[in-house]
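Read off the chains here:
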Amino acid sequence: MSELSITTTQNVNINFTAASVGDRLVAQLLDLAIKIAYVVVVYSVFFYWIGLNDYLDSADTWSVTAIVMLFGLPVIFYSLVQESLMEGQTFGKKIMKIKVIKIDGYQASFGDYLIRWLFRLIEISIGNGIIGLIAMVVSSKNQRLGDMAAGTAVISLKNNININHTILQEINDDYVPTYPMVIKLSDNDVRIIKETYEAALKNKDFKLIYKLVEKIESVTGIKPQQAYDSEFIKVVLKDYNYYTRNM
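Residues numbered from 1 in each chain as written. Predicted model: local features only at pLDDT ≥ 70, side-chain atom pairs only at ≥ 80, totals over all residues. Heavy atoms only, no water.

## A word on the overall build of the chain
Then, in step 1: Assigned secondary structure in the chain consists of 12 helices and four strands.
Then, in step 2: For the chain, the share of sequence-separated contacts (at least 6 apart) that also reach a separation of at least 24 residues comes to 66%. (Helix = DSSP H or I, 4+ residues; strand = E, 2+ residues; numbered from the N terminus. Contact = heavy atoms within 4.5 Å.)

Written as structure tokens, this is what we have:
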């Protein structure tokens, strides 16, 4: 597996393991199996048991096309919907412990998933996916064309350290949070904040800490109540852990 080094907007280097071509292919096959199972169930229930076939035999071409498209929508939009709802994963990716992320280390957006989905249609329709496979093999980050266009990559989560391990903060059971708006942040945001803060503190780069506070303010709308920037960041990290732990 190749290493994927990401430099965040805060100039923090984060190393991931790019998902192997094999893992991605197996995930695709698992998703394909789920799609096939869906088609079999739908056909058995609606077309065989309920007798929708009898109606289609006498229906016009437009009606037949509309009904087939209606039942086919879950298959067509399978990856787009699941990656959007499951933060970069489909059932196949989840089983194989891989996920889609942005090259800058942040969580991919719906627009990114949409671009990947559109390119998937192109890659599959031309050469039955061979183009995407060649792109992954040639790419140093194991990216297919859709990943390159969306600025995303698929990483492996099969190591012992994940995002949640890197953002944990010790908080007491009687801890009282200060900033409810920290829930606007994502796990990736908080990890970057923590790593940037710790690096800046180690290098005594107080200017970077000040810029980090400004960034937190602009993203969340929080107005710091602490006298010192360092104390504010510590409270933000603890508050995020409090709210996510109790969700």
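## Structural notes on the environment of Pro 74
Then, in step 1: Tracing the backbone through its elements, the reader meets Pro 74 in helix H3 (residues 61–76).
Then, in step 2: C-alpha separation for the pair Pro 74 and Lys 35, spaced 39 residues apart in sequence, amounts to 8.3 Å.

## Notes on the pairing of strand S4 (residues 152–156)
Then, in step 1: Counting buried residues along S4, five of its five residues qualify, which places the element largely inside the surrounding structure.
Then, in step 2: Sheet analysis places strand S3 (residues 98–102) next to S4, joined by five bridges and oriented antiparallel. Within the sheet, the bridge partner assigned to Ile 98 lies in S4 and is Ser 156. (Buried < 20%, exposed > 50% of the residue type's maximum accessible area, 1.4 Å probe, protein only. Pairing = 2+ DSSP bridges.)

## Topic: the packing of helix H1 (residues 21–49) against helix H7 (residues 130–138)
Then, in step 1: The contact between H1 and H7 brings their axes to 10 Å, and the two run at 155°. Taken together, the axes of H1 and H7 are roughly antiparallel relative to one another. On the side of H1, the interface is formed by Val 21, Arg 24 and Leu 25, while H7 contributes Leu 133, Met 136 and Val 137.
Then, in step 2: Residue classes in the contact of H1 with H7 are distributed as five nonpolar, no polar and one charged. (Axes fitted to C-alpha atoms, helices over the stretch in contact; angles between N-to-C directions. Parallel < 35°, antiparallel > 145°, perpendicular 65-115°, else oblique. Nonpolar A, V, L, I, M, F, W, Y, C, P; charged D, E, K, R; others polar.)

## Considerations on unusual backbone geometry
Then, in step 1: Backbone geometry places Lys 97, a non-glycine residue, at a positive phi of 60°.
Then, in step 2: Assignment of secondary structure puts Lys 97 in the loop between helix H5 (91–96) and S3.
Then, in step 3: One non-glycine residue, Lys 204, adopts positive backbone phi at about 55°.
Then, in step 4: Inspection of the secondary structure puts Lys 204 in the loop between helix H10 (187–202) and helix H11 (206–220).
Then, in step 5: A relative accessible area of 64% means that Lys 204 is categorised as exposed.

## Remarks on the packing of aromatic side chains
Then, in step 1: Taken as a whole, this structure holds four aromatic pairs when the rule is applied.
Then, in step 2: Look at Phe 77 and Trp 117: their rings are 5.0 Å apart centre to centre, the planes differ by 20°, and that puts the pair in the stacked class. Here Phe 77 is found in the loop between H3 and helix H4 (78–85), whereas its partner Trp 117 is found in helix H6 (residues 110–125), with 40 residues between them in sequence.
Then, in step 3: You can call Phe 77 partly exposed: its relative accessible area is 30%.
Then, in step 4: Taking relative accessible area as the criterion, Trp 117 reaches 9% and is therefore assigned buried.
Then, in step 5: Judged by centre distance (5.3 Å) and plane angle (85°), the rings of Tyr 242 and Tyr 243 are edge-to-face.
Then, in step 6: Members of the aromatic cluster, each reached through a chain of ring pairs, are Tyr 175, Tyr 242 and Tyr 243. (Phe/Tyr/Trp six-rings, centres within 6.5 Å; stacked < 30°, edge-to-face > 60°.)

## Concerning H1
Residues three or four positions apart in an α-helix share a direction because the helix packs 3.6 residues into each turn.
Then, in step 1: Taking 1.5 Å of rise per residue, the 29 residues of H1 would be expected to cover 42 Å, and the 41 Å separating its terminal C-alpha atoms lies within 8% of that figure.
Then, in step 2: Within H1 the residues assigned to the buried category are Val 21, Asp 23, Arg 24, Ala 27, Asp 31, Val 42 and Phe 47. (Expected span 1.5 Å × (residues − 1).)

## What to know about the side chain of Asp 31
Then, in step 1: Mapping Asp 31 onto the fold places it in helix H1.
Then, in step 2: Put simply, Asp 31 is tucked away with no salt bridge, and the nearest opposite charge, on Lys 93, sits 4.9 Å away.
Then, in step 3: Contacts of Asp 31, omitting those with residues within four sequence positions, involve Tyr 78, Thr 90, Phe 91, Gly 92 and Lys 93. (Lys, Arg positive; Asp, Glu negative; His and termini not counted. Salt bridge = Lys/Arg side-chain N within 4 Å of Asp/Glu carboxyl O.)

## A short note on the pairing of S3
Then, in step 1: Along S3, five of the five residues are buried, which leaves the element largely enclosed by surrounding structure.
Then, in step 2: Judged by which residues are buried, S3 turns out to be covered on both faces: Ile 98, Val 100 and Lys 102 on one side and Lys 99 and Ile 101 on the other are all buried.

## Some points on a nonpolar patch on the surface
Then, in step 1: The grouping of Met 69, Leu 70, Leu 73, Ile 76, Phe 77, Val 81 and Leu 85 at the surface amounts to a nonpolar patch, some 630 Å² of accessible area in total.
Then, in step 2: Every element with two or more residues in the nonpolar patch is listed here: H3 and H4.
Then, in step 3: Looking at which element gives the most residues to the nonpolar patch, the answer is H3, with four residues.
Then, in step 4: The residue Leu 85 is located in helix H4 in this model. (Patch = residues over 30% accessible without salt bridge, like charges linked within 9 Å, V, L, I, M, F, W, Y side chains within 5 Å. Areas by Shrake-Rupley, 256 points an atom, 1.4 Å probe, with all protein chains shown as cover.)

## Overview of the nonpolar core
Then, in step 1: Among the nonpolar cores identified, the biggest contains 20 residues, and Tyr 179, Ile 193, Ile 216, Phe 232, Ile 233 and Val 236 are the most heavily contacted of them.
Then, in step 2: Looking at this core, the elements that each hand over two or more residues are H10, H11 and helix H12 (229–245).
Then, in step 3: With six residues, the single largest contributor to this core is H12.
Then, in step 4: In contact with Val 236, other than residues within four places in its own chain, are Tyr 179, Val 182, Leu 185 and Ile 216. (Core = buried A, V, L, I, M, F, W, Y, C linked by side-chain atoms within 4.5 Å.)

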